[in-house]
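The lines below spell out each chain.
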Amino acid sequence: MTADTHVPDPSTLQVALPAPSYDLRAWRERIPLLAHAVPMNNCSQAPQTDATRRAAESFLDSWGRDGMDWETWVAEVERARLSFARLINADADDVAVTSSVSQAVSALASALSFDGSRRRVLASGAEFPTVGQLWLAQEARGAVVDWVPLTADGTIDVAAYEPRLSERTAVVSASHAYFVNGAKQDVATIARLAHERGALLFVDAYQTLGTEPIDVKALGVDALAGGCLKYLMGTAGIAFLYVRRALAESFHPTVTGWFGRANPFAFDPARLDWATGARRFDGGTPPIVNAYIARAGLDIIHEVGPAAIAGWLRVLSGRLITGADERGLELYGTRDVDRKAPTTAIRVPGNSADVEQRLRQHGVIASARGNVVRLAPHFYSSLEDVDRALDALAYVLHHAA
Ligand SMILES: Cc1ncc(COP(=O)(O)O)c(C=O)c1O
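Note that the structure is predicted; figures quoted are calculated from it, not measured. (Residues numbered from 1 in each chain as written. Predicted model: local features only at pLDDT ≥ 70, side-chain atom pairs only at ≥ 80, totals over all residues. Heavy atoms only, no water.)

**Q** It is not clear to me how the overall build of the protein should be interpreted in this structure. Could you clarify?
**A** For the protein, the count of helices and strands is twelve helices and twelve strands. For 401 residues, the compact-globule formula gives about 21 Å, and the C-alpha radius of gyration of the protein, at 23 Å, lands near that figure. The buried share of the protein, reckoned over its 401 residues, is 56%. Put simply, 73% of the contacts in the protein that link residues at least 6 apart link residues at least 24 apart. Taken as a whole, the protein presents about 17,300 Å² of accessible surface, with 53% of it coming from carbon and sulfur. Side chains of the protein give 39 positive and 46 negative charges; the mean places of these two sets differ by 3 Å. (Helix = DSSP H or I, 4+ residues; strand = E, 2+ residues; numbered from the N terminus. Rg over C-alpha atoms; globule rule 2.2 N^0.38 Å. Buried < 20%, exposed > 50% of the residue type's maximum accessible area, 1.4 Å probe, protein only. Contact = heavy atoms within 4.5 Å. Areas by Shrake-Rupley, 256 points an atom, 1.4 Å probe, with all protein chains shown as cover. Lys, Arg positive; Asp, Glu negative; His and termini not counted. Charge placed at Lys NZ, Arg CZ, Asp CG, Glu CD.)

So this is what it looks like as structure tokens:
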């Protein structure tokens, strides 16, 4: 051995593990659930943070203390609207506040007419049931729904859109990511194909909002909806609908309410006018307590940063995919981390709801759908969380209850 050969002491050797660009440990301390569980169910419900809890409490405090303070409460709804608008590179006037994605799509569909030569709706097989069902409900109004099928691996081939589009297509409905396995669709290409035929594109981005940068203008979408209880770190009861300004101004939804008026406080039942832009898709009294929580959740996503979140989620998706392979678990979905949202689906025999329950006994919160169990980490998740979830799933599947 020469004098300059350095033999490292094995006990000091450290393997550099990938890490996010933000302070993971600090964020984890703000999520009480992490003290006793591994939440891998963000495709269904994000955990509570100190900030979202405080936000809910601040509404309860105001209600308890002041009895009524509509001005402050409605201002909080406006803050949530603006925060969502910023997240998707839109203005507050381009966004409606609704109570659910179902209500958002109902209002949007009610503004479309299906009685002319353009009456076809082209929906992807990856739509969440409520969206597909809402388009089918429009058949009573003259719509005809066609489908872009799912492939065997639970993805959608973008090439399958073109032959199904025609001058009779009114609207294309493409979820950004499939709720079952996170497979993403190439929304920008679908927008271009739809627009070449004069059709509109609606995107349900519930499964991607909060997981990556989303720019409605760069994507070229005409309308986009999403709620708050998944990756936006909020709760049920509030959702948002973006509609491109020029288009929104030409719409007169029949699913409407007094908050969709130019001035809701004119209190004139005999006058139907329209609020600016997408605000006309607002309905009744807004979801106040939900808006408090939504804003706090959105603030977290802005603070951590969608691009930084996307970078870490790609690492976690990679770990889920290779870790599933190593444990002999069967994936349902794409293996390409650039073409998927954080959800990774593992096929399970028998009743997936039972597997979800048994995982709970191992401290892992997963989400069952059909014949898969979904593992869906978020920005606060660690590599150890992913490994623990996969170990628990492998154990549950290999050992009878
Ligand atoms: C992609 C997607 N769209 C829509 C929904 C449901 O929308 P809502 O219950 O707000 O109508 C979900 C899940 O609940 C979803 O995952």
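**Q** Can you help me understand the packing of helix 4 (residues 101-110) against helix 5 (residues 129-137) in this one?
**A** Their axes nearest at 10 Å, the elements helix 4 and helix 5 cross at an angle of 25 degrees. Judged on the interaxial angle alone, helix 5 and helix 4 are roughly parallel. As helix 4 packs across helix 5, the resulting crossing turns out to be right-handed. In this structure, helix 4 uses V101, S102, V105, S106 and A109 to contact helix 5, whose residues at the interface are T130, V131, L134 and W135. The residue makeup of the contact of helix 4 with helix 5, split by class, is six nonpolar, three polar and no charged. (Axes fitted to C-alpha atoms, helices over the stretch in contact; angles between N-to-C directions. Parallel < 35°, antiparallel > 145°, perpendicular 65-115°, else oblique. Left-handed = near helix turned anticlockwise from the far one by under 90°. Nonpolar A, V, L, I, M, F, W, Y, C, P; charged D, E, K, R; others polar.)

**Q** Is there a simple way to think about a nonpolar patch on the surface in this case?
**A** A cluster of nonpolar side chains, W258, F265 and F267, forms an exposed patch at the surface whose accessible area comes to about 350 Å². Under the relative-accessibility criterion, F267 is labelled exposed at 58%. (Patch = residues over 30% accessible without salt bridge, like charges linked within 9 Å, V, L, I, M, F, W, Y side chains within 5 Å. Salt bridge = Lys/Arg side-chain N within 4 Å of Asp/Glu carboxyl O.)

**Q** It is not clear to me how the sheet that holds strand 11 (residues 367-369) should be interpreted in this structure. Could you clarify?
**A** Within a sheet, each strand pairs with its neighbour through backbone hydrogen bonds, oriented either parallel or antiparallel. Pairing is antiparallel in the open sheet, where three strands are placed in the order 9-12-11. On the outer flanks of this sheet lie strand 9 (344-347) and strand 11, each paired with one strand and no other. Direction aside, the axes of adjacent strands within the sheet are offset by 30 degrees on average. The sheet contact formed by strand 9 and strand 12 (residues 372-375) spans four bridges and is antiparallel. Each residue of the ladder has a partner; that of I346, found in strand 12, is V373. (Pairing = 2+ DSSP bridges.)

**Q** What's the story with the site of the ligand in this structure? I'm lost.
**A** Near the ligand, the surroundings consist of S100, V101, S102, F128, F179, D204, Y206, Q207 and K230. One of the side-chain N or O atoms of Q207 is found 2.8 Å from an oxygen atom in the ligand. When the free accessible area of the ligand is taken as 400 Å², the share hidden by the protein chains comes to 83%. Taken together, the residues that form the shell around the ligand break down as four nonpolar, three polar and two charged. (Near = heavy atom within 4 Å. Polar contact = N/O pair within 3.5 Å; in protein donor to acceptor, adjacent residues only side chain to side chain.)

**Q** It is not clear to me how the pattern of salt bridges should be interpreted in this structure. Could you clarify?
**A** It is possible for side chains of opposite charge to pair when their charged atoms get near one another. Applying the stated criterion across every chain, the model contains 25 salt bridges. When the shortest N-O distance is used, the salt bridge between R81 and D282 registers 2.8 Å. Remark: D282 occurs in the loop between helix 8 (245-248) and helix 9 (288-304) and R81 occurs in helix 3 (residues 70-87); sequence separation between them is 201 residues. As far as burial versus exposure is concerned, R81 and D282 are alike and both buried.

**Q** When you look at the pairing of strand 7 (residues 223-227) in this model, what are you seeing that I'm missing?
**A** Side-chain positions along a regular strand alternate between the two faces of the sheet. Buried residues dominate strand 7, accounting for five of its five residues. A two-sided burial pattern is seen for strand 7, the buried positions comprising A223, A225 and G227 on one face and L224 and G226 on the other. Sheet topology note: the strand 7/strand 8 (residues 239-243) ladder contains five bridges and is antiparallel. Counterpart to L224 in the pairing with strand 8 is Y242.

**Q** Sorry, what's going on with the environment of E162 here?
**A** Mapped onto the fold, E162 is located in the loop between strand 4 (144-148) and strand 5 (169-175). Looking at E162, the relative accessible area reads 40%, which means it is partly exposed. Sequence separation between E162 and G257 is 95 residues; the distance between their C-alpha atoms is 37 Å. What E162 contacts, discounting residues up to four positions off in sequence, is L193, E196 and R197.

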